[in-house]
Amino acid sequence: MIRSSSGKTVARRLLIGIGAMALLTLATAGCEAGLNAPTLEFHQASAGTHTVFNGITISNAFVLAAPSGSSLPAGSSAGLFLGLFNGGSSADALVSASAPGAAASVKLTGGTISLPVNYPVYLTGPEPHVVLNGLKKPLSGGQTIVVTLNFQHAGSLTIDVPVEPQSYYYATYSAAPTPTPSASATKTPAAKASATPSPSPST
């Protein structure tokens, strides 16, 4: 009888242990289910492009596109965000940039960007300091574009830059401003009217 009772006790404990493990497995699986499961969520790149070039460190360089599910149309603008650190022995500067396959031009909105020695410069916003104008084709998250950075002393560096959607972590970043047409290309009705010769008085 004692052995029989002991056997039942061991069996019950074993069943309880198996049941607890099953419940724990279900609970863990439940945490991973649904629309918020890590496998279903969008995960942005842990960092953009990172490299060191002639003493200049370029960190977390990326281009901001439209929100997830949409794209920036051809002809529009996009912001390039990045961090720069001059670890060299003398001051330098970012004087220009280009993205020949992706944009008609790239503008440094504040002009030349000074890079003092051992001093970080964050071109991260809230609005972009480097703007790609005249996109040659629609741009959406997940793409990669080629950008060339031209430094005053370090020289020119060409890098592949990831494109991130303006969503999730990047939702607070500002989109690039829409370029306005130049005044010289726009004629007003008044200008046309003034160009019309007035009739000469009759004699």
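Everything numeric here is computed off the predicted structure, so don't read it as measured data.

A.B. asks: Describe the overall build of the chain, with residues and values.
C.D. replies: For the chain, the helix and strand inventory stands at two helices and ten strands. Overall, the chain shows an N-to-C arrangement of helices and strands of α-β-β-β-β-β-β-β-β-β-β-α. Counting only residues that meet the buried cut, the chain has 30% of its 203 residues in that class. Within the chain, residue pairs in contact and separated by at least 24 positions form 69% of the contacts whose partners lie at least 6 positions apart. Carbon and sulfur atoms make up 60% of the accessible area of the chain, which totals about 12,700 Å².

A.B. asks: Just give me the short version of the environment of Ser114, but keep the residues and values in it.
C.D. replies: Locating Ser114 in the fold gives a position in strand 6 (residues 113-115). Taking relative accessible area as the criterion, Ser114 reaches 52% and is therefore assigned exposed. Taking the C-alpha atoms as reference points, Ser114 and Gln152, separated by 38 residues in sequence, lie 9.5 Å from one another. When residues no more than four places from it in sequence are discounted, the contact partners of Ser114 are Asp92, Ala93 and Val121.

A.B. asks: Could you give an account of the confidence of the model for the chain, with specific residues and numbers?
C.D. replies: Confidence along the chain averages 74 in pLDDT terms, with 64% of residues attaining 70 or more. Across the chain, element-level confidence peaks in strand 4 (residues 92-98) with a mean pLDDT of 97 and bottoms out in helix 2 (residues 189-195) with 40. Contacts for the low-pLDDT stretch residues 1-5, under 50 throughout, to residues beyond four places or in other chains number zero contacts. Throughout residues 20-46 the model reports pLDDT below 50, and contacts reaching past four residues in sequence, or to other chains, amount to 15 contacts.

A.B. asks: Go over the pairing of strand 9 (residues 144-151), please, and point to the residues and values.
C.D. replies: Of all eight residues that make up strand 9, six are buried, and the element is covered over most of its length. Here eight bridges tie strand 9 to strand 10 (residues 155-164), and the two strands are oriented antiparallel to one another. Bridge assignment links Thr148 to a residue of strand 10, and that residue is Thr158. As consecutive antiparallel partners, strand 9 and strand 10 are separated by three residues.

A.B. asks: Can you tell me about the pairing of strand 10, naming the residues and giving the values?
C.D. replies: Sheet topology note: the strand 2 (residues 56-64)/strand 10 ladder contains two bridges and is parallel. In the strand pairing of strand 10, Leu64 is matched with Glu164.

A.B. asks: So what's going on with the nonpolar core? Which residues, and what values?
C.D. replies: Core analysis: the largest hydrophobic core is formed by 36 residues, its most contacted members being Ile58, Leu80, Leu82, Leu84, Ile145, Leu149 and Phe151. Once you skip the residues sitting within four places of it in the chain, Leu80 turns out to touch Phe62, Val63, Leu123, Pro128, Val130, Leu132, Val147, Leu149 and Val161.

A.B. asks: Kindly report on the side chain of Asn150, identifying the contributing residues and their values.
C.D. replies: Inspection of the secondary structure assignment puts Asn150 in strand 9. Within polar-contact distance, the side chain of Asn150 engages the side chain of Ser156 at 2.6 Å. Ignoring any residue separated from it by four or fewer positions in sequence, one finds Asn150 in contact with Ala93, Leu94, Val95, Ser96, Ala97, Gly155 and Ser156.

A.B. asks: With reference to specific residues and values, describe the environment of Gly155.
C.D. replies: Turning to its location among the elements, Gly155 is positioned in strand 10. Note on Gly155: relative accessible area 24%, which makes it partly exposed. The spacing of Gly155 and Val95 is 60 residues in sequence and 10.0 Å in space, taken between C-alpha atoms. Excluding residues that lie within four positions of it along the chain, Gly155 makes contacts with Phe53, Leu149 and Asn150.

A.B. asks: Go over the packing of aromatic side chains, please, and point to the residues and values.
C.D. replies: Counting across every chain of the model gives one aromatic pair. Aromatic pair Phe62 and Phe81: ring centres 5.4 Å apart, planes at 15 degrees, arrangement stacked. In this pair, Phe62 sits in strand 2 while Phe81 sits in strand 3 (residues 78-86), placing the two residues 19 residues apart along the sequence. Using a relative accessible area of 0% as the deciding quantity, one classes Phe81 as buried.

Reading guide: rules and limits
Residues numbered from 1 in each chain as written. Predicted model: local features only at pLDDT ≥ 70, side-chain atom pairs only at ≥ 80, totals over all residues. Heavy atoms only, no water. Helix = DSSP H or I, 4+ residues; strand = E, 2+ residues; numbered from the N terminus. Buried < 20%, exposed > 50% of the residue type's maximum accessible area, 1.4 Å probe, protein only. Contact = heavy atoms within 4.5 Å. Areas by Shrake-Rupley, 256 points an atom, 1.4 Å probe, with all protein chains shown as cover. pLDDT = per-residue confidence, 0-100. Pairing = 2+ DSSP bridges. Core = buried A, V, L, I, M, F, W, Y, C linked by side-chain atoms within 4.5 Å. Polar contact = N/O pair within 3.5 Å; in protein donor to acceptor, adjacent residues only side chain to side chain. Phe/Tyr/Trp six-rings, centres within 6.5 Å; stacked < 30°, edge-to-face > 60°.

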